[in-house]
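# Commentary on secondary and tertiary structure
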Amino acid sequence: MAAPASPDSAATRRIVIENCAIATVDAHDTEYASGHVVVAGNLIESVGAGRAPEGLANVVRRIDGTGHLVTPGLVNTHHHFYQWMTRGMATDHNLFNWLVALYPTWARIDAAMLAAATQGSLGMMVKGGVTTASDHHYVFPRGADDLVGAELAAAREIGARITLARGSMDRSVKDGGLPPDFAVETTEGALKATEEAIDTHHDASFGSMVHIAVAPCSPFSISTELLRRGAELARRKGVRLHTHGSETVEEEKFCHELFGMGPTDYFESTGWLGEDVWMAHCVHMNDSDIAAFARTRTGVAHCPSSNARLAAGIARVPDMLAAGVPVGLGVDGTASNECGELHTELRTALLINRLGAHKEAALDARKALRLGTYGGAQVLGRTAEIGSLEAGKLADLVLWKLDGLAHSTIADPVTALVFGAAAPVTLSLVDGAPVVEDGRLANVDEETVARTARAESQRLVRIAAEG
């Protein structure tokens, strides 16, 4: 990775954005009705009110942001890119039945399919303002090619930052789990492959484009040994830990029947609570569970659309935030959220949480924006680099167009972004480089991505049908 740019260097290339509303999402929620952002190399050099400072050297691009809002890039904390291949299937199932219906198809995936799915999934999110995405990939069919390498190569072409949570499953149907026997790895094989992924791809340096996390799938698809030894591996290697937790009432029942305790107590007994851990969903959490997450600073990836799609329930996000639990937003896989965009989750999170006990006080527009930006960075352990617009942080930002018909009578730009229709992205930068220009992906051809994904999806379904 290139060293961070030095704003003091006259040779540093600068991008200047002016005349825009700005929501910094910093510790004070600083906002500017009309302000500027100066990007120097891959860093934010300055953010403030009014025009940019005069006399800046080597300005290679100057953007008039009139009618736009600038925010930090969105951070997606939970996804399954491979599910782009099976959108629109099993649409009327709960989680367990949905998994049983789709595992036989997912277990036929290969490197070409995963590369196409990565570009479809990640491309859709990036078009909607995501600059950092976490993908939980846990399907490694026997004899498959280098799926981790294929995914990261495909993501590199899009240009977003990635936390690849190298997942695993070792509890199949014959062991009382949900995945078919041919879809799981051995415990030793999963641990060895996960360590290899860390050694090969994880970059812990400032501004890294790739992080690897240790991510056994879920209590009903993994052994206790894999969970415990996975935590030991992650801490030995200094990487984060990720899994699914407390997603459904069926999972709660499963844990009590197999382990004699609920999911949170089970995770704590295996070393899976801590500030280096985040879990997806966390829908069915009681007061004791929330207190345990707050005490240990365990993070949560809130996936409201997926939770609704699979009828899992409403996560207690306001209570988690009040207790001090780190919470970010997640799209989740596009087989349970066919929309596949994170910026629509800002609105969905706000609306769904208002159906809960806290009603209209559950979330507001700025809390929703914080979940999708700083909250996500917090969950992924990257608040020193991303999640807010501040001098010295990485130049990952989004320019949202809010002067069209869809937002024409909403005066407050943050309210327009969160409550209004999905806002078009005029420009999105990652590491100071465009990944979206005028609403189009900057680094890949969208039509080619769509055409390739469609063909690979059809091939996957055909192979699965043939058995």
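Heads up: these notes are all about the structure in this document. Remember, predicted model here, so these are calculated numbers, not experimental data. (Residues numbered from 1 in each chain as written. Predicted model: local features only at pLDDT ≥ 70, side-chain atom pairs only at ≥ 80, totals over all residues. Heavy atoms only, no water.)

### A word on the overall build of the protein
A count of helices and strands for the protein gives 14 helices and 17 strands. Whereas a compact globule of 467 residues would reach a radius of gyration of roughly 23 Å, the protein reaches 21 Å, a difference of no more than 12%. Counting only C-alpha atoms and orienting by the principal axes, one finds that the protein spans roughly 70 × 45 × 45 Å. Counting every position in the protein, which comprises 467 residues, the buried fraction comes to 59%. A sequence separation of at least 24 residues applies to 74% of the contacts in the protein between residues at least 6 apart. As displayed, the protein has an accessible area near 16,800 Å², and 52% of this comes from carbon and sulfur atoms. Positive and negative charge centroids in the protein, built from 40 and 57 side chains respectively, lie 1 Å apart. (Helix = DSSP H or I, 4+ residues; strand = E, 2+ residues; numbered from the N terminus. Rg over C-alpha atoms; globule rule 2.2 N^0.38 Å. Buried < 20%, exposed > 50% of the residue type's maximum accessible area, 1.4 Å probe, protein only. Contact = heavy atoms within 4.5 Å. Areas by Shrake-Rupley, 256 points an atom, 1.4 Å probe, with all protein chains shown as cover. Lys, Arg positive; Asp, Glu negative; His and termini not counted. Charge placed at Lys NZ, Arg CZ, Asp CG, Glu CD.)

### Quick word on the layout of surface pockets
Counted as a void, the largest pocket has a volume near 290 Å³. Around the largest pocket, the lining comprises 16 residues; the ones closest to its centre are W84, R87, G120, V449 and A450. Those elements giving two or more residues to the lining of the largest pocket turn out to be α2 (111-127) and α14 (446-466). Among the residues making up the lining of the largest pocket, the classes are represented as seven nonpolar, five polar and four charged. Roughly 190 Å³ of volume is contained in the second largest pocket. Along its surface, the second largest pocket is lined by 14 residues, and L321, V327, R370, L371 and Q378 are the ones closest to its centre. Per element, the largest residue contribution to the lining of the second largest pocket is seven residues, and it comes from helix α12 (residues 365-379). Grouping the amino acids of the lining of the second largest pocket by side-chain chemistry returns six nonpolar, three polar and five charged. (1 Å grid on protein atoms, 1.4 Å probe; cavity = no way out; pocket = protein on both sides within 12 Å on 5 of 7 lines; lining within 4 Å. Points joined across faces, edges and corners; volume = space filled by probe spheres on them. Nonpolar A, V, L, I, M, F, W, Y, C, P; charged D, E, K, R; others polar.)

### Details of empty space enclosed by the protein
Under the defined criterion, the tally for this structure stands at two cavities of 30 Å³ or more. Considering only enclosed or pocket space, the largest cavity measures out at about 120 Å³ in volume. Residue lining of the largest cavity: 17 residues in total, with L95, L99, Y138, H244 and E247 positioned closest to the centre. The biggest single contributor to the lining of the largest cavity is helix α1 (residues 95-106), with four residues. Of the residues assigned to the lining of the largest cavity, the class counts are eight nonpolar, seven polar and two charged. The calculated volume of the second largest cavity comes to roughly 50 Å³. Lining the second largest cavity are A23, T24, V25, D29, T30, E31, R366, L369 and V414. Its residues assigned to classes, the lining of the second largest cavity comprises four nonpolar, two polar and three charged.

All quantities given are derived from atomic positions and should not be read as evidence of function.
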